[in-house]
Amino acid sequence: MTEAEQLFEQVYRTYGPSLYRFCLLQMKNPADAEDVLQEVFCKRLYRAPAFASPDHERRWLFRVALNQCRDAWKRSSRSDLPLEAASAAVTPEELGLLDHVAALPEPQRTAIHLHYYEGYSLQEIARLLGVTVPTVKMRLKRGRDALRNTWEEHL
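Structure report, in brief. Within any chain, residue numbers begin from 1 and follow the written order of that chain's sequence. Given that the model is predicted, a residue must reach a pLDDT of at least 70 before its local features are reported, and side-chain atom pairs must reach 80 or more before they are shown or counted; all residues, however, enter totals for whole chains, interfaces and linings. With hydrogens and water set aside, each side-chain value is computed from the structure's full complement of heavy atoms.

**Thoughts on helix H6 (residues 122-129)**
Move 1: The rule is simple: take the accessible area with a 1.4 Å probe, protein chains only, and divide by the maximum for that residue type; under 20% is buried, over 50% is exposed, in between is partly exposed. Only runs of H or I of at least four residues qualify as helices and only runs of E of at least two qualify as strands under DSSP, and these elements are numbered from the N terminus. Within the span of H6, buried status applies to Glu124, Ile125, Ala126, Leu128 and Leu129.
Move 2: Note on contacts: a residue pair is in contact if any heavy atoms of the two residues lie within 4.5 Å. Looking at the buried side of H6, the elements it contacts are helix H3 (54-75), helix H5 (106-117) and helix H7 (133-153).

Here it is as structure tokens:
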């Protein structure tokens, strides 16, 4: 195995599952999420800058993934498959919540995923998305409020 192949395999093992979940939540379609993920890792392999730390690499990968998802949405219109189609990627307990999160507007959905699923701080999300910390706080608040309202309606 070449050095490039070893690096790719290591990066994929480290970041692949969380990036796939992020792409799936954004794209709402397993095939599209896989396509975006492939593009992200191709960019990592061929166009990535020198990373100062693993955290820098992780932020870069999520930023590229978000941009790739946005580009994919602009390029095509598609019919969305329910998230149940990707049941192998997430546990059954997560599917209900993921369906509700996936229904949120993109800014709220992205902020909630990065904060709660990936563990980014408000400051890190703000830097990653190119917005202010108060904007991130408002997106999280609105997303939580919408999820709470949806949850209460289903009880």
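After that view of the structure, there is still more to cover.
**A closer look at the nonpolar core**
Move 1: By nonpolar core is meant a set of buried Ala, Val, Leu, Ile, Met, Phe, Trp, Tyr and Cys residues that side-chain atoms within 4.5 Å join together. With 37 residues, the main nonpolar core has Leu19, Val36, Val40, Leu61, Phe62 and Leu114 as its most contacted residues.
Move 2: Looking at this core, the elements that each hand over two or more residues are helix H1 (3-27), helix H2 (30-47), H3, helix H4 (92-102), H5, H6 and H7.
Move 3: Aside from chain neighbours lying at most four places away, what touches Leu19 is Leu37, Val40, Phe41, Leu61, Phe62 and Ala65.

**As for the pattern of salt bridges**
Move 1: Put simply, a salt bridge is a Lys or Arg side-chain nitrogen that is within 4 Å of an Asp or Glu carboxyl oxygen. By the definition in use, this model includes seven salt bridges.
Move 2: Among the charged side chains, a salt-bridge network with shared partners connects Lys141, Asp145 and Arg148.

Geometry only, nothing functional implied.
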